[in-house]
Amino acid sequence: ATHCNTLQCTATHCKQVCPIGDADQPQRLCAVDKGVDGKTVTVKETIKVMYVPMTSLHHQHLRAADWHAVVSRCEKNGVVSAAQAVISVGQLPLDCQCFLENNYFVDWVAVQEPGSAGEEAFSSQILIGQHLAFVSEACFRKEQKELLEYLGTSGSMALIAHLQREKATRSAMDMSWIKRKQHILQQYPLNSRPCPGVYRLPLPHNAAADKDMPQSLHSAFIDLTMLARKHLATTNTDDKSMSAARDRLLLCPYIKQIASNIFTFPVFTEEFSRQVMAEVDHLKDHLPESLKSRPNSMNNHGVLLDEVGFTEGFSDVLLDQYIRPMSALLYPENGGGTLDHHRCFTVQYAQDKDVSLATHFDNAEVTLNINLSLTDMQGQQNGDLFFHGKQGEPRPQ
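It should be emphasised that the depicted structure is a prediction, and the values quoted were computed from it without experimental measurement.

Let's shift gears to the overall build of the chain. Across its full length, the chain holds 13 helices and 9 strands. Taken across its 397 residues, the chain has 36% of its residues classed as buried. Residue pairs in contact within the chain that sit at least 24 positions apart in sequence constitute 59% of those at least 6 positions apart. Carbon and sulfur atoms make up 53% of the accessible area of the chain, which totals about 23500 Å².

Interhelical geometry of helix 10 (residues 219-233) versus helix 13 (residues 311-330) gives an angle of 60° and a closest axis separation of 9 Å. As the angle between them shows, helix 10 and helix 13 are arranged oblique. At the point where helix 10 passes helix 13, the crossing takes the left-handed sense. Mapping the contact onto sequence places Phe221, Leu224, Thr225, Ala228, Arg229, His231 and Leu232 in helix 10 and Leu318, Asp320, Gln321, Tyr322, Ile323, Pro325, Met326, Ala328 and Leu329 in helix 13. Each residue belonging to the contact of helix 10 with helix 13 can be placed in one class, and the counts come to 11 nonpolar, 3 polar and 2 charged.

This part is about the nonpolar core. Leu201, Phe221, Ile255, Phe265, Phe268 and Met326 are the most contacted members of the largest nonpolar core, which totals 43 residues. Listed by contribution, the elements that provide at least two residues to this core are helix 10, helix 11 (239-249), helix 12 (270-286) and helix 13. It is helix 13 that contributes the most residues to this core, 9 residues altogether. With residues up to four places along the chain from it excluded, the contact list for phenylalanine 221 reads Phe265, Pro266, Val267, Leu318, Tyr322, Ile323 and Met326.

Here we take up a nonpolar patch on the surface. Together, Phe345, Val347, Tyr349 and Leu357 make up a nonpolar patch on the protein surface, roughly 310 Å² of accessible area in all. In this fold, tyrosine 349 is placed in the segment after strand 9 (345-347).

Across the chain, pLDDT averages 77, with 72% of residues at or above 70. Looking over the chain, one finds the lowest element-wise mean pLDDT in helix 4 (residues 82-85), namely 35, and the highest in strand 7 (residues 262-264), namely 94. Between residues 1-7, whose pLDDT stays under 50, and residues either more than four places distant or in other chains, the model counts 18 contacts. Here residues 78-95 is modelled with pLDDT under 50, and outside its nearest four sequence neighbours on either side it reaches 48 contacts, counting other chains as well.

About the cut-offs
- Residues numbered from 1 in each chain as written.
- Predicted model: local features only at pLDDT ≥ 70, side-chain atom pairs only at ≥ 80, totals over all residues.
- Heavy atoms only, no water.
- Helix = DSSP H or I, 4+ residues; strand = E, 2+ residues; numbered from the N terminus.
- Buried < 20%, exposed > 50% of the residue type's maximum accessible area, 1.4 Å probe, protein only.
- Contact = heavy atoms within 4.5 Å.
- Areas by Shrake-Rupley, 256 points an atom, 1.4 Å probe, with all protein chains shown as cover.
- Axes fitted to C-alpha atoms, helices over the stretch in contact; angles between N-to-C directions.
- Parallel < 35°, antiparallel > 145°, perpendicular 65-115°, else oblique.
- Left-handed = near helix turned anticlockwise from the far one by under 90°.
- Nonpolar A, V, L, I, M, F, W, Y, C, P; charged D, E, K, R; others polar.
- Core = buried A, V, L, I, M, F, W, Y, C linked by side-chain atoms within 4.5 Å.
- Patch = residues over 30% accessible without salt bridge, like charges linked within 9 Å, V, L, I, M, F, W, Y side chains within 5 Å.
- Salt bridge = Lys/Arg side-chain N within 4 Å of Asp/Glu carboxyl O.
- pLDDT = per-residue confidence, 0-100.

Okay, structure coming up:
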């Protein structure tokens with residue numbers, strides 16, 4: 001918002017509070033008063049701010065490569081600290097109704113049972129193992145009458161209370177995520193961590209051109225995504241043309257289709273995977289419990305990467321510059337070319353932690369699973385991933 005535009009938009013005998021100055025430059029939050037005559041204007045400057053315009057998602061994604069330069073420029077002019085600036089962009093608000101109302105996976109619910117005469121109450125667990133929708137208690141009782149009758153009074157109350165807590169957590173996730181991220185970046189700046197280089201991935205042209213730089217992305221992955229970009233740039237968007245481009249991409253030896261719509265290909269180098277693992281282990285050991293959040297509703301052990309600084313230079317770049325061009329060809333019918341949001345996290349399995357993961361489906365159009373721990377202490381390969389087919393269809397043998 002420029003000074004001129006602000007004055008034009010302010011109605012006669014009204015006040016407007018807005019930032020004045022050029023986008024991505026130091027600005028002031030101002031109170032603008034226009035008098036009854038429509039000409040007398042009073043502008044009162046208040047705090048320093050930085051205004052980041054929200055245009056289309058496409059144009060915002062194009063700005064991602066220059067974001068750190070914007071932060072540095074405004075930081076130099078004393079507008080904001082790095083910790084404050086870095087939370088200004090990245091993930092979009094989690095305001096999608098499907099996130100707030102659908103895909104509540106419930107494995108078990110704990111039930112407190114009253115004891116018989118003269119006996120103490122006891123706790124038990126009831127296996128649910130289902131994805132559920134939860135708009136409200138009244139709707140849930142109507143839609144899941146058979147399940148609730150099976151669970152009985154205690155089990156029904158425990159399940160509904162569980163879903164209400166999860167819905168409240170999801171509804172407050174934006175603000176809690178921002179607050180935790182701000183605290184973490186203030187107390188543990190990226191440049192003070194053991195492996196600060198893992199928080200920034202190269203852009204495609206840099207990754208391909210500079211073969212002497214330390215490699216984070218596997219060379220096969222770089223070549224594969226550049227090939228996807230090339231096909232997209234020369235392909236019409238009709239179904240037949242996109243299908244032909246997809247077939248050409250699958251001729252590349254770096255990608256293998258192992259089942260319907262399931263593909264495997266290298267992403268990170270082994271050395272970079274070890275560095276990410278070392279950084280994640282360091283964060284798990286040093287972050288206080290109050291700043292740790294579960295990666296998802298099924299896993300208890302892992303790190304939500306977007307909260308600890310991996311968003312702007314890492315997962316945003318991975319999605320925008322690499323994954324979206326590939327998913328546009330591989331999953332055109334699922335909106336693969338319009339992906340605009342991600343939830344990036346690690347999970348850990350061990351005998352004293354999570355030991356398995358229940359069968360489930362992800363609340364996402366596209367899921368990318370990356371095996372960071374290639375071998376265990378005995379040199380055995382880890383990270384087997386099982387796919388059980390599409391929801392509602394018979395499981396493949």
